[in-house]
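Here is how the chains run, residue by residue.
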Number of protein chains: 2
Amino acid sequence: MAPLVCTSVFDRTSERLQRRRSSTNIKAVSPGDGHRPVQLRDVAAEAGVSISTASRVLTGSGRCSPGAKNAVLAAAKRLSYQPNKIARALRAKTTRSIGMTVPWLRNPFYAELVEAVDVFLQRFEFDLVLADARGSWQDEARRVHSLVSRRVDGLIVIPTQQTNSAEALAEANRSIPVVQLEYETGNLDIDYVGIDNTLGINLVLDHLVDLGASSVRFVSSAIISSASRSRLKAFSDGVEERGMRPHEPILGRFTTKFGKEAVTTILAGGAMPDAIVCASDVVALGVIGQLRADGISVPEDVMVTGFDDIVFAELCDPPLTTVHQPRRRLADAAVSALVGRISGENRGPPTRVELPPHLVVRRSSLRPPHVVPSSNLA
Amino acid sequence: MAPLVCTSVFDRTSERLQRRRSSTNIKAVSPGDGHRPVQLRDVAAEAGVSISTASRVLTGSGRCSPGAKNAVLAAAKRLSYQPNKIARALRAKTTRSIGMTVPWLRNPFYAELVEAVDVFLQRFEFDLVLADARGSWQDEARRVHSLVSRRVDGLIVIPTQQTNSAEALAEANRSIPVVQLEYETGNLDIDYVGIDNTLGINLVLDHLVDLGASSVRFVSSAIISSASRSRLKAFSDGVEERGMRPHEPILGRFTTKFGKEAVTTILAGGAMPDAIVCASDVVALGVIGQLRADGISVPEDVMVTGFDDIVFAELCDPPLTTVHQPRRRLADAAVSALVGRISGENRGPPTRVELPPHLVVRRSSLRPPHVVPSSNLA
DNA sequence: ATGAAAGCGCTAACAA
DNA sequence: TTGTTAGCGCTTTCAT
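Residue positions are counted from 1 within each chain, in the order its sequence is given. Naming scheme: in the order in which they are written, chains are lettered from A and ligands are numbered from 1. A pLDDT threshold of at least 70 governs which residues receive local features in this predicted model, and a stricter bar of 80 or more applies before side-chain atom pairs are shown or counted, although totals over entire chains, interfaces and linings include all residues. Side-chain metrics in this entry use all non-hydrogen atoms of the structure; hydrogen atoms and water are not considered.

> Would you explain the protein's contact with DNA strand D in this entry?
Being near a molecule or strand, for a residue, comes down to having at least one heavy atom within 4 Å of it. Around DNA strand D, the structure places 27 residues, and the nearest of them are S52, T53, R56, S65 and R91 of chain A. At the protein interface, 62% of the atoms of DNA strand D within 4 Å belong to sugar or phosphate. For DNA strand D, a phosphate oxygen lies 2.9 Å from a polar atom in the side chain of S55 of chain B. Pairing of N or O atoms within 3.5 Å defines a polar contact, subject to two protein rules: one partner must be a possible hydrogen donor and the other a possible acceptor, and residues neighboring in sequence count only if both atoms are side-chain atoms. In the environment of DNA strand D, a base oxygen lies 2.7 Å from a nitrogen or oxygen atom belonging to the side chain of R91 of chain B. When residues of the surface near DNA strand D are traced back to their parent elements, those giving at least two are α3 (51-59) and α5 (85-92) of chain A together with α3 (51-59) and α5 (85-92) of chain B. In terms of residue count, α3 of chain B provides more of the surface near DNA strand D than any other element does, 5 residues in total. Residues are grouped as follows: nonpolar covers Ala, Val, Leu, Ile, Met, Phe, Trp, Tyr, Cys and Pro; charged covers Asp, Glu, Lys and Arg; every other residue, Gly included, is treated as polar. Residues that form the surface near DNA strand D fall into these classes: 9 nonpolar, 10 polar and 8 charged. Runs of H or I in DSSP of at least four residues are treated as helices and runs of E of at least two as strands, each being numbered from the N terminus.

> Would you mind showing me how to read the protein's contact with DNA strand C here?
Around DNA strand C lies a shell of 27 residues, among which L40 and R88 of chain A together with T53, R56 and R91 of chain B are the nearest. Backbone atoms, meaning sugar plus phosphate, form 62% of the atoms of DNA strand C positioned within 4 Å of the protein. Taking L40 of chain A, its main chain carries an N or O atom lying 2.6 Å from a phosphate oxygen of DNA strand C. Within the side chain of K93 of chain B, an N or O atom sits 2.9 Å from a sugar or linking oxygen of DNA strand C. Contributing elements (two or more residues each) for the surface near DNA strand C: α3 and α5 of chain A together with α3 and α5 of chain B. Looking at the surface near DNA strand C, the element that brings in the most residues is α3 of chain A, giving 5 residues. For the surface near DNA strand C, the residue count by class is 9 nonpolar, 10 polar and 8 charged.

> Help me understand the relation of the copies chain B and chain A in this model?
The operation relating the two chain copies consists of a rotation about an axis and a shift along that axis. The least-squares superposition of copies is restricted to C-alpha atoms, and to residues with a pLDDT of at least 70 in both copies. Between chain B and chain A, which share one sequence, the superposing operator has a rotation angle of 180 degrees and an axial displacement of 0.1 Å; the RMSD is 0.2 Å. On the angle and the small slide along the axis, the relation comes out as a two-fold axis. Residues of chain B ranked by C-alpha distance from the rotation axis are headed by V129 of chain B, positioned 2.1 Å from it. A shared binding surface is used by both copies, with 100% of the interface residues of chain B retained as interface residues in chain A. Contact criterion: two residues are considered in contact whenever any of their non-hydrogen atoms come within 4.5 Å of each other.

> Is there a simple way to explain the interface of chain B and chain A in this structure?
Taken together, the contact between chain B and chain A spans 47 residues of the former and 47 residues of the latter. Between chain B and chain A, a total of about 4,600 Å² is buried, with carbon and sulfur atoms accounting for 53% of that surface. The three residues of chain B that bury the most area against chain A are I86, E115 and R150 of chain B, which together make up 16% of that side's buried surface. Each salt bridge in this description consists of a side-chain nitrogen of Lys or Arg and a carboxyl oxygen of Asp or Glu lying within 4 Å of one another. If you look at where chain B meets chain A, you find 12 salt bridges. The leading source of residues in the side of chain B that touches chain A is helix α6 (residues 108-123) of chain B, at 8 residues. By buried area we mean the combined loss of accessible area, with a 1.4 Å probe, across both parts when two parts are placed together.

> Can you walk me through the sheet that holds strand β2 (residues 127-132) of chain A in this structure?
In a beta sheet, neighbouring strands are held together by backbone hydrogen bonds and run either parallel or antiparallel to one another. Paired strands, as defined in this entry, are two strands with at least two bridges between them according to DSSP. Read from one edge of the open sheet, 12 strands run β11(A)-β5(A)-β4(A)-β3(A)-β1(A)-β2(A)-β2(B)-β1(B)-β3(B)-β4(B)-β5(B)-β11(B), paired in mixed fashion. Only two strands of the sheet have a single neighbouring strand rather than two, namely β11 (352-355) of chain A together with β11 (352-355) of chain B. Here the average twist between neighbouring strands, direction ignored, is 20 degrees. Axis definition: a line fitted to C-alpha atoms, limited for helices to the stretch in contact. Angles are taken between N-to-C directions and run from 0 to 180 degrees.

> What is the right way to read the nonpolar core from this model?
Proteins that are soluble and globular tend to have nonpolar side chains buried together. Definition of nonpolar core: a set of buried residues of the types Ala, Val, Leu, Ile, Met, Phe, Trp, Tyr and Cys, connected through side-chain atoms within 4.5 Å. Think of it in three bands: with a 1.4 Å probe and only protein chains considered, a residue is buried below 20% of the maximum accessible area for its type, exposed above 50%, and partly exposed in between. Membership of the largest hydrophobic core comes to 158 residues, with the highest contact counts inside it found for M100, L181 and V304 of chain A together with M100, L181 and V304 of chain B. Every residue in contact with M100 of chain B, bar those within four places of it in the chain, is listed here: V114, V117, L128, V129, L130, A131, L147, L155, I156, I158 and L181 of chain B. Residues V157 and V178 of chain A together with V152 and V178 of chain B belong to the second largest nonpolar core, which totals 26 residues.

Honestly, that's just the spatial picture; any functional story needs more than this.
So, in structure tokens, the structure goes:
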């Protein structure tokens, strides 16, 4: 192309850089060696600047002339340069990745939480290294160590257990920021983000009392997580405060299978309560399924409530009344807390965030004719 | 401790190493500098050997004396040494991590697949870097690039689209092994692991024909994935082969919401078919929910079938007849294929694995009185 | 069998 | 503003 008459400032700068290109000692390695991925030195050579200038431009650190900036950016684009994040991580001591462990990914509630966390992490350009603990605190500890060894910049953990998960978290927290999500261990010096479980259970109890329930049974996991502990305590206290008949809680695991077994336990015990309060939706789904199998109608014969509000709570028959956990806001809070620690913006004492859940009333708790809760009449 | 009379070979080796410790120039950095994580040089110093010997012992590469080996192992344990995987990755050119993208983690089928993949990866000591494409092939492409840039050793992708996902995969496949899982793009030179969709649909059709169905409607996603394409073709062909009445397929997205809308479409069209065949369980769940809302009984008024066999297929009312996809085996095959490529054991032409699904018959397809399929009478 | 030394590809002092 | 230099923590020739 013939040179135009008009030469802008930018064009002149580019020319200067082009000329200098041969005088600089940065040169790309011979192209004959197979498929070596393009690296910073190639970009620098192509742009006619030094490696450090290229680095500065691409990382946005340090000042540089607009000409150099444009030349580097153009060269990078032309060569479709992709920085080697491993090399960058080794030098800059940050991988721009965070680790996350979950008890079981197959529990949709956790899967939805992971998805939400991933979305928020993207805003800070963090990638997610995920580990499934498969219900075992030993596996969890192993994976947490592995993640730390991988130099993730931070860790979001949904602990499998309240006591056994504590040690690995404490150790990890000595090298990188850690946030406990949804459940908390005994580690009072580690950030925690969850919901107000006491409020959640009380929302359920108020609702059931309004509907005239006086006999209520509680089905939950064994007291291994902080959530099962608080939910049980809230339930026991709540039942007493409201002058309802106390019952032995039925404790096992947060699985559908256990929900089914719980129904068998209740039937073996004789009297059917007015309502069955479950501390997890997957349990409630099992309860409803088994009740149906045994020919017991919900909500006519017994009302059932869940906890979490997973997608399928709305789809089961009857649709499940449950405590909705705001996953987006949980994920947002967890990621914000973590990023605050990683960036060093937050050096304060451990954060403890408890988001308020809300009750979603569906048919599983509404005995026909659909009773208008008395509180609404006040 | 006073020296014992008996000095074993091992003891003598240790002594020698201890003595040499002061004469070697490997020394740990002064412990006064905050909380520097223990690194290889510390282990080497503690064991009284050189860094390279320590490295050889810990990576298991290269021979070394049993004495040195024990000394290093003991030192590593004593200091609870955790190798810096970033440094190792930069030098050894392998991160021992693989990347995976899914269309939506909130779809339990994908979540279960991810869980299974994670389990199998653990056997090879690979960690999982997960990315949620959120249904967008642009996001998917971005994340794939990021994963490659992160130098994962391989990629397992559940593509969001058949055509649009192809380019990013092809490019990634130029630098690292890629396996397409569950859906395939047009890339014929990339390994693929999925199920036999044609068989799956024919299993459903045979079952429905046995039950006397002659009018069947198909609900699926738009033809953006290879699975939706094959399932639709298998359905159309199958309907014709069996001399059933052809109907316009109802195409949208693999979501519960779309399943509900599909029912509205069917009702608007007038006649209710004998059966509604869905290409995904989440769609089928939506269909069943909407039918119930509209006062239409399943399976009395219309039978419904799904595809995938997610956990909730069994829990909905009525429980859903569906095509079971063997997630474990899918994950196993995908991981095996990928590891084979990464290790270089498999340099052959692209693999194409199609696992056979099977039909799980539940109540949603059984009109009372429960008909014994005629094929069972033969 | 072992140690010295050379990088992996990048960022960050420091000097010019 | 820019280039030169020195590593990040490890693995891996290459001598010894």
